[in-house]
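# Remarks on the overall topology
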Amino acid sequence: MKLPEFIGLDIGYSSVKMAQIIFEQGNVPRLMGVGHSEISKPLNILKDEKEKKELADRIRTLKETLLIKTNKCVVALPEAMIFSKIIAVPDLPEDQLEKIIYFEARNHLPIPVEDVNLDHIPIAKKAVDNRTIQQILMIAAPKNIINMYLEIINLAGLEPLALETESLATARAMTYKVDMAQGALVVDFGSKNIAVSIIKGKNVIFSQSIGTGSDALTQAIARDYNIDLRQAEQYKITYGLLQSQLEGKIAKSLLPVMQIINNELNKIINFIKINLPDFAPSEMLLVGEGSLLPGLVTFFNLNLGIPVKLVDPFSILELSDMAKNEMTNFSRPAFTVAIGLALKVE
Ligand SMILES: Nc1ncnc2c1ncn2[C@@H]1O[C@H](COP(=O)(O)OP(=O)(O)OP(=O)(O)O)[C@@H](O)[C@H]1O
Ligand SMILES: [Mg+2]
């Protein structure tokens, strides 16, 4: 079913991002409105009605500032709040799979299967000992998280058309114009987490969240040099991993955290190489505002041994004058999820 006009809404840990796209003649996506608003607390730890209303008001105000008329929205669930796992199941028709996945989920989930909404994405079929098995990506979204999202969306006066995971939205933006002929490692460097996924063709076949984000880099600088977070943030943004700056002092502070992130990414790459060799990533695509860290592309290039690209999610879009204006206020890679949501057509 074709979706009516709507906004893509990404409620992140440090800010809310919104984008609206309409499809012009010839199916050209045109960005009508885009914007963000800082938030003080992420959605999953809001304590009371007052805090919920504050966040909802932020969203409502942002929409009004952007002169967006529609109340319909498609919303992203952060990778960090859902569970996903590649599992092997018998090669059965779709209608018989659901039951099996439900029972499988029991073994794999850290919470009761009754408390999640289950979804799955087929990845590949494989012959094992004369029978065929299917590998699928099982996705489980906790019902309490979904309900929290729905509550905030309703409070903001919006009507949800769909909820989907961040990595699905990111994949839509990454593959809008091209299919990935080879596997690609997509890394969304956020403030509190890094959402990692593997995509091939137009499909997500793996996703995971690393519980360290760009804020951990700021904290490392603040701790090492005994300065406040605001100042540490400035050092991070200005000098990052560049050895040539400030005698490499900021880089030195960041390296232990970067090493942790690098190890996690390496583990993921190796897991895919061993278990799904056809999907082994041949490049890394960087999105999220944290990916603007100076020296990051070179760092991953050297340490992961695959080519690394910083992706501009706006490059696939026509821009309205309004959007062009708004875009002077923020950095582009942060909007990949919001744009991916806004590109949903059915
Ligand atoms: N120029 C820059 N260089 C490096 N890091 C940056 C830069 N600008 C912003 N950041 C960092 O990027 C992070 C915010 O990124 P982003 O907006 O993608 O996160 P988020 O979506 O709110 O968080 P999450 O994805 O974890 O929910 C912050 O930690 C911020 O310090
Ligand atoms: Mg984000």
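Each chain has its residues counted from 1, following the order in which its sequence is written. As a convention, the first chain written is A and the first ligand written is 1, with the rest following in written order. Thresholds applied to this predicted model are a pLDDT of at least 70 for local features of residues and 80 or more for the giving and counting of side-chain atom pairs; totals over whole chains, interfaces and linings are not thresholded and use all residues.

## Some remarks on the domain arrangement of the chain
Just so we agree on the cut-off: Where a domain begins and ends is set by an automatic assignment or by a domain database. Contact criterion: two residues are in contact if their C-beta atoms, reconstructed from the backbone, are within 7 Å. Three residue categories are used. Nonpolar comprises Ala, Val, Leu, Ile, Met, Phe, Trp, Tyr, Cys and Pro, charged comprises Asp, Glu, Lys and Arg, and polar comprises the others, including Gly.
Each assigned domain of the chain is listed with its residue range as follows: domain 1 (7-80 + 143-178 + 312-342), domain 2 (82-141) and domain 3 (214-308). Taking the mean C-alpha position of each, domain 1 and domain 3 sit 26 Å from one another. Between domain 1 and domain 3, the contact holds seven residues from the first and six residues from the second. The residue makeup of the side of domain 1 that touches domain 3, split by class, is four nonpolar, three polar and no charged.

## A short note on the sheet that holds strand S5 (residues 83-90)
Paired through their backbone hydrogen bonds, the strands of a sheet run either parallel or antiparallel. Selection rule: At least two bridges found by DSSP between two strands is the condition for calling them paired. Starting at the N terminus, helices and strands are each numbered in turn, a helix being any DSSP run of H or I of at least four residues and a strand any DSSP run of E of at least two. The convention used is that axes are lines fitted to C-alpha atoms, helices contributing only their stretch in contact, and that angles between N-to-C directions extend from 0 to 180 degrees.
Taken together, three strands build an open sheet; the order of strands is S5-S7-S6 and the sheet is antiparallel. If you trace the sheet from one side to the other, it starts and ends with S5 and strand S6 (116-128), each paired once. Within this sheet the neighbouring strands show an average axis-to-axis angle of 25°, counted without direction. Relative to strand S7 (residues 131-142), S6 runs antiparallel, the two sharing twelve bridges. Opposite Asn 117, over in S7, you have Ala 141 as the bridge partner. Lying over the sheet, helix H2 (residues 94-108) contacts S5, S6 and S7, oriented at roughly 125° with respect to S5.

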